[in-house]
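# Working through the structure, step by step
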Amino acid sequence: MALFLRILEWTDDSKDTLVYKLPLKKGGTEINHKSKLIVRESQQAIFVHKGQICDVFPAGTYDLNTDIFPILSKLAGWKYGFQTPIRVDVYFVNTKQFTGCKWGTANPIMKRDPEFGPIRVKGYGSYAFKVDDAGVFLKELFGTNSSFETHDITDWLKSMLISALTDAIGETNVSVLDLAGNTLEFNQIVKATIQNKFKEVGLLLTNLFIENMSVPQDVEKAIDERTKLGILGDKTDVMMKVAAAEAMKDAAKNEGMGGAFMGAGVGIGAGAGMGNVFAQAFNSSSNQPQQTQSPAQPTSSKTCPSCKASISSNAKFCPECGAKIPSKKFCSNCGAELSSSAKFCPDCGTKQ
């Protein structure tokens, strides 16, 4: 009988093994009524006979006898109180929590943003899971494999997570500008949506972390430009003024005098434009009405030869005395233009 005495146990020295099948000697099993089973914490042992699960053992130490194998005794038809050994496959399932499993969106998620319209969103993060029901896990996933590791299942779990995340982001009305402030809410939504899928295969999603949600670079650039313009004020002509300033910088970099003069000209115009922007912003913020002053137009006048009143230079009659205003007078000798009251030419001295 001592030949069949065996301690059945698994000392896990790995970090990613989910299932380990206990190797048995060729030709039969070593399990009989003197065998002992040791199941450590964060483990479950499954006994399988002819493809059927006999029992699942949680953490503890067990003396294998017919009292704890009612199903196996019936299946095997033992008539001699477990004296004759029987072949049984023993699987140890690791029920600890596996953390640090990465997920990320291979392709951007399309969503309808309330501020920007249709937009693409990408994300990445990590998750953690554990085996919750070893029997269901055996039936649904690892079957009769001699070992089963986390990398055999993480890609499939990641696909389920991204599917749930895509649905959550697509249905939400939260703008991309507010995604960073709602990651915890998305965590809860996705966990609640996906948890039933995990339970169907005997697993439990213990944690989900959304580390980053982002948009394409061209959208990020547009958001940055919108933020910059918001600092200057919500005015329709601000963008044109800023564009002119940017054009001035580019033109000033051109080689040759043409680029220099172009840069100087654009710089003068842009500088004046920007000055008007800030002046208008100041006036609007102080609620002061803007006043425009038109430059004074110079006027010319002449003296009426009759009453000496000052009249307009293009008047034909004096508005004071009604006298006719003579037309322009020229010197009879040298042809110089004279005032209407001149008696001598100032150029040649000829009497008029």
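For the structure, check the block above.
Residues numbered from 1 in each chain as written. Predicted model: local features only at pLDDT ≥ 70, side-chain atom pairs only at ≥ 80, totals over all residues. Heavy atoms only, no water.

## Structural notes on the overall build of the chain
Of regular secondary structure, the chain possesses seven helices and 16 strands. A total of 352 residues make up the chain; the buried ones form 34% of that total. Across the chain, every contact between residues at least 6 apart in sequence was considered, and the portion connecting residues at least 24 apart equals 59%. As displayed, the chain has an accessible area near 21,900 Å², and 52% of this comes from carbon and sulfur atoms. (Helix = DSSP H or I, 4+ residues; strand = E, 2+ residues; numbered from the N terminus. Buried < 20%, exposed > 50% of the residue type's maximum accessible area, 1.4 Å probe, protein only. Contact = heavy atoms within 4.5 Å. Areas by Shrake-Rupley, 256 points an atom, 1.4 Å probe, with all protein chains shown as cover.)

## Let's talk about the environment of Thr303
Checked against the element boundaries, Thr303 lands in strand β13 (residues 301–303). A residue is classified by how much of its surface remains accessible, and Thr303, at 44% relative accessible area, is partly exposed. When the C-alpha atoms of Thr303 and Cys318 are compared, they prove to be 9.0 Å apart, with 15 residues separating the residues in sequence. When residues no more than four places from it in sequence are discounted, the contact partners of Thr303 are Lys308 and Ala309.

## Examining unusual backbone geometry
Despite not being glycine, Ser42 has its phi angle at roughly 65°, a positive value. Tracing the backbone shows Ser42 in the loop between β3 (36–39) and β4 (43–49). Take Ser42: its relative accessible area is 36%, and that puts it in the partly exposed class.

## Comments concerning the nonpolar core
Ranked by internal contacts, the top residues of the largest apolar core, which has 44 residues, are Leu18, Tyr127, Phe129, Phe137 and Leu203. At eight residues, helix α3 (residues 154–171) tops the list of elements feeding residues into this core. Contact partners of Leu18, with chain neighbours within four places excluded, come to Phe92, Val93, Asn94, Phe98, Phe129, Val131, Phe137, Phe148, Glu149, Thr150 and Ile153. Judged by nonpolar contacts, the second largest core, of 14 residues, contains Leu8, Leu22, Phe57 and Leu64. (Core = buried A, V, L, I, M, F, W, Y, C linked by side-chain atoms within 4.5 Å.)

## Digging into helix α2 (residues 134–142)
When α2 is considered as a whole, its buried residues turn out to be Ala134, Gly135, Phe137, Leu138 and Phe142. The arc enclosing the buried residues of α2, seen along the axis, measures out at 165°, which places them on a common side. The N-cap residue of α2 is Asp133: its side-chain oxygen and the backbone nitrogen of Gly135 are 3.2 Å apart. In the segment just after α2, Gly143 is the residue with positive phi, at about 60°. (Arc of directions from axis to C-beta. Polar contact = N/O pair within 3.5 Å; in protein donor to acceptor, adjacent residues only side chain to side chain.)

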